[in-house]
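Coordinate analysis (summary)
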Amino acid sequence: MIRSTGDAFLHELNKDAETLRLSYGNSLGDKIIADIYKNAEQITKNVILIDNNKKNWTLKLDNYLTSKVFGYPFMLLVLGIILWITISGANIPSDILASALFGLQEVVSRGFLSLGAPAWLHGVLVLGVFNSVAWVVSVMLPPMAIFFPLFTLLEDLGYLPRVAFNLDNLFKKAKTCGKQSLTMCMGFGCNAAGVVACRIIDSPRERLIAILTNNFVPCNGRFPILIAIGTIFGVGALASQLQALAVTGIITGVIMIGVFVTFAVSWFLSRSVLKGEASSMVLELPPYRRPKIVSVVYRSIIDRTIFVLKRAVIVAAPAGGIIWIVANTYIGEISILNHLAGWLNPFAQTIGMDGYILLAFILGLPANEIVFPILIMSYISSGTMIELESLAELQMLFINHGWTWLTAANVMLFTLLHWPCGTTLITTRKETGSKKWTLAAFIIPTTVAFTVCFILTQTVRLLGLA
Amino acid sequence: MSFVPNAMPLSQLSIGSSCTIAEIGLNGLLRRRIQDLGIIPGTTVECLRRGPSGDPTAYVVRGTTIALRKEDAHLINVFPI
């Protein structure tokens with residue numbers, strides 16, 4: 001009560017101050033500012049020594065990094081290199097973690113059985129909870145532990161503002177702000193973080209567009225799905241040295257599709273529900289700095305990797321248990337999971353997927369990280385139990401369930417374009433303060449994902465390609 | 001925006017040349033942002049480079065590089081040096 005009257009009073013006071021200021025035009029404020037700067041200039045003249053060497057470095061680098069010829073190709077190259085290092089570097093630790101964790105699962109499993117634990121307890125805790133957590137950790141940890149430090153390095157170097165500088169003209173054409181490229185970069189790590197980062201955009205209209213489209217950048221929870229499916233179906237036949245390169249190509253392509261959709265949706269929003277002109281943009285281009293490697297590694301591992309992993313595990317553990325129950329509780333002859341999947345199946349088929357895949361995406365709403373474990377668990381529970389320690393076995397599982405290259409393409413596109421995760425939606429609600437826009441943040445990507453997959457599937461089937 | 005003799009818009013400054021600010025014809029939040037960065041009448045500004053597709057343009061102000069869009073720079077009047 002006291003606070004709200006205080007707020008109201010402050011609001012009144014601000015309004016009075018504003019009218020007073022406006023009645024003087026800009027002249028009073030200008031005089032104050034000129035005076036402050038005169039003082040500041042005097043002080044800097046006396047105490048600051050300027051190092052011209054550092055400045056030259058920045059100038060020379062920018063001659064290339066923001067040039068007409070190299071500006072755009074270099075951005076693509078940087079993205080490609082980061083993805084390539086992540087993909088080729090994550091392979092081996094992923095395999096090691098997987099065999100270690102699934103080996104441990106067997107030991108725990110045997111322990112449970114020798115203690116005479118009931119089958120349902122073993123199922124929920126080992127096959128449900130442990131299995132999901134093992135999946136999330138082994139699939140997500142290695143790419144994150146590589147991707148986040150590399151990205152933080154880029155941030156520390158001062159390259160990201162150059163990306164905004166290079167891309168601003170495209171955003172201006174979509175009548176949005178160039179700083180949206182910065183929020184998109186944050187989205188690579190986590191879309192919820194990307195949505196929060198949209199605060200750097202001054203115009204409320206442009207900020208809202210940036211929030212609504214942030215989801216079209218694949219976050220770290222979705223990267224592993226893209227990498228795994230890209231590896232299995234895109235390049236399975238290639239020699240192993242070429243695989244990482246080819247997967248990099250595929251993932252870069254998928255990201256480019258996401259960027260294109262971001263522009264297209266932003267363009268559309270600026271000309272429909274969020275009509276308006278491009279407002280101003282002031283962007284600072286700080287000098288390049290030598291990154292502090294130790295602090296980069298520390299910050300990206302502790303602040304980001306562990307944080308995101310913790311969140312994923314917290315969601316994955318109970319979700320794994322629940323999914324196991326749903327997959328192993330029978331109504332009549334068929335489990336609840338199979339009932340649901342069967343019910344979704346006709347619809348899912350029109351967009352080139354099956355009921356299990358769509359169900360996994362729906363159940364994965366709390367966090368995208370668990371989509372893959374859910375899918376694998378539901379496939380396994382509906383068929384024979386197999387050990388899944390390598391991608392080759394995963395490929396067999398998918399192919400046994402009728403996957404083609406079209407299924408893989410659709411799952412990748414759906415992963416890229418579908419609704420944001422629960423955390424991102426909650427963050428959107430907080431940032432926009434509006435239920436309506438939160439709903440829009442859900443409906444827009446969902447519509448885009450279904451439309452794109454539907455058109456692709458129907459076209460390919462019509463042409464008889466799959 | 002009032003007329004200042006001999007002045008031209010900042011957006012027309014060619015790359016590599018410098019100017020001093022004559023008048024800031026912007027209003028509202030952007031005017032504040034611009035002033036916060038130290039762009040006030042009398043400040044020296046150098047045009048550094050344009051973005052790969054011709055816009056925005058980077059200017060050096062008080063040792064800092066700041067990028068502005070053509071539309072915004074158009075409303076700042078300067079005296080070329």
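Let us look at the structure shown here.

What counts as what
Residues numbered from 1 in each chain as written. Chains lettered and ligands numbered in written order. Predicted model: local features only at pLDDT ≥ 70, side-chain atom pairs only at ≥ 80, totals over all residues. Heavy atoms only, no water. 1 Å grid on protein atoms, 1.4 Å probe; cavity = no way out; pocket = protein on both sides within 12 Å on 5 of 7 lines; lining within 4 Å. Points joined across faces, edges and corners; volume = space filled by probe spheres on them. Helix = DSSP H or I, 4+ residues; strand = E, 2+ residues; numbered from the N terminus. Nonpolar A, V, L, I, M, F, W, Y, C, P; charged D, E, K, R; others polar. Axes fitted to C-alpha atoms, helices over the stretch in contact; angles between N-to-C directions. Parallel < 35°, antiparallel > 145°, perpendicular 65-115°, else oblique. Contact = heavy atoms within 4.5 Å. Buried < 20%, exposed > 50% of the residue type's maximum accessible area, 1.4 Å probe, protein only. Core = buried A, V, L, I, M, F, W, Y, C linked by side-chain atoms within 4.5 Å.

Glancing now at the layout of surface pockets. What the largest pocket holds in volume is close to 820 Å³. What lines the largest pocket is a set of 27 residues, among which I50 and K55 of chain A together with R62, G63 and T64 of chain B lie closest to the centre. At the level of elements, α2 (27–47) and α3 (52–65) of chain A together with β3 (44–50) and β5 (64–68) of chain B are the ones that each hand at least two residues to the lining of the largest pocket. Each residue belonging to the lining of the largest pocket can be placed in one class, and the counts come to 11 nonpolar, five polar and 11 charged.

Bringing the packing of helix α13 (residues 336–350) of chain A against helix α19 (residues 435–462) of chain A into the picture now. All names here are of chain A. The N-to-C vectors of α13 and α19 enclose an angle of 70 degrees; their axes lie 8 Å apart at closest approach. Relative to α19, the element α13 lies roughly perpendicular. Along the contact surface, α13 presents F347, Q349 and T350, while α19 presents F450, F454, T457, Q458 and R461. For the contact of α13 with α19, the per-class residue count stands at three nonpolar, four polar and one charged.

Attention now moves to unusual backbone geometry. Residue P56 of chain B is bonded to the preceding D55 of chain B through a cis peptide linkage, with omega at -5 degrees. Structurally, P56 of chain B is set in the loop between β3 and β4 (57–61). One non-glycine residue, K175 of chain A, lies in positive phi territory at about 60 degrees. Examined against the element boundaries, K175 of chain A turns out to sit in the loop between α6 (160–173) and α7 (180–189). The buried category is assigned to K175 of chain A, whose relative accessible area is 18%.

Below, the discussion takes up the nonpolar core. Membership of the largest hydrophobic core comes to 123 residues, with the highest contact counts inside it found for L212, I251, F372, W403 and F414 of chain A. Considering each element in turn, this core owes the most residues, 13 residues, to helix α5 (residues 119–157) of chain A. Once residues lying within four places of it in the same chain are set aside, the contact partners of W403 of chain A are I229, F233, D354, I357, L375, Y379, F398, A408 and V411 of chain A. Within the second largest apolar cluster, 20 residues are counted, among which are V282 of chain A together with V45, L68 and V78 of chain B.

A few words on the side chain of T183 of chain A. Residue and element names in this part refer to chain A. If you trace the backbone, T183 turns up in helix α7. A relative accessible area of 0% places T183 in the buried class. The residues contacting T183, other than those within four sequence positions of it, are G194, A197, C198, I200, I201, A210 and N214.

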